[in-house]
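# Inside the fold
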Amino acid sequence: MHITRFTDYSLRVLIYLAIEEDRKVTVAEIAEKYQISKNHLMKVVQELNAKGFIHAVRGKAGGLTLASKAQEINIGQLVRSMEQGAALVECFGLSNACIITPACHLKFVLNEALEAFYSSLEQYSLADLAAKPYKKQLASLLL
């Protein structure tokens, strides 16, 4: 399974916010720490805000915070939400032109594997990714 860069950045933003849970942080700060495009990160943040994973406040006293506690943010649900519309193979998409689709069992096998992937991720919360042993290491790398 391959996740999009958009989903990868979404996870990074949430991990950063979980580490910095006691204060608001800016998109510019996160972009600088991860050395990624601020413009691309803005799109990620807008989507995370629209889907209710974070709170984004504009203005001088603005910034980003988690919308709920880290233990309440499920990694599988986040990835599933961000990957909506990303077809694993052509026959999963709306513009399927594969001629063997009517007789092919591959779609069912891959769908089963995809569901197993999401089920595995659903066992974890954001708190698991930013738990104490990792939080200290992450903070030393990012802060």
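Above this note sits the structure.
It should be emphasised that the depicted structure is a prediction, and the values quoted were computed from it without experimental measurement.

Rules behind the numbers
Residues numbered from 1 in each chain as written. Predicted model: local features only at pLDDT ≥ 70, side-chain atom pairs only at ≥ 80, totals over all residues. Heavy atoms only, no water. Helix = DSSP H or I, 4+ residues; strand = E, 2+ residues; numbered from the N terminus. Buried < 20%, exposed > 50% of the residue type's maximum accessible area, 1.4 Å probe, protein only. Phe/Tyr/Trp six-rings, centres within 6.5 Å; stacked < 30°, edge-to-face > 60°. Lys NZ or Arg CZ within 6 Å of the ring centre and 35° of its normal. Salt bridge = Lys/Arg side-chain N within 4 Å of Asp/Glu carboxyl O.

## Here's the deal with the overall build of the protein
A count of helical and extended segments in the protein gives 7 helices and 2 strands. Along the protein, helices (α) and strands (β) appear in the sequence α-α-α-β-β-α-α-α-α when read from the amino end. With respect to the three principal axes, the spread of C-alpha positions in the protein is 55 × 30 × 25 Å. Evaluated residue by residue, the protein yields a buried proportion of 34% over its 143 residues.

## Side note on the packing of aromatic side chains
Summed over the entire model, instances satisfying the criterion amount to 2 aromatic pairs. For the ring pair Tyr16 and Tyr34, a centre distance of 6.2 Å and an interplane angle of 65 degrees mean the geometry is edge-to-face. Note that Tyr16 is positioned in helix H1 (residues 5–19) and Tyr34 in helix H2 (residues 27–34), a separation of 18 residues in sequence. For Tyr34, a relative accessible area of 16% puts it in the buried group. Against the face of Tyr34 rests Arg12, its NZ or CZ located 5.6 Å from the ring centre.

## Observations regarding the pattern of salt bridges
Scanning the model with the defined rule gives 6 salt bridges in all. The partner of Glu20 in a salt bridge is Arg23, with the nearest N and O atoms 3.0 Å apart. Owing to a relative accessible area of 35%, Arg23 belongs among the partly exposed residues under this scheme. Glu122 is the salt-bridge partner of Arg80, the closest N and O atoms lying 3.3 Å from each other.

On their own, these measurements won't tell you what the molecule is for.
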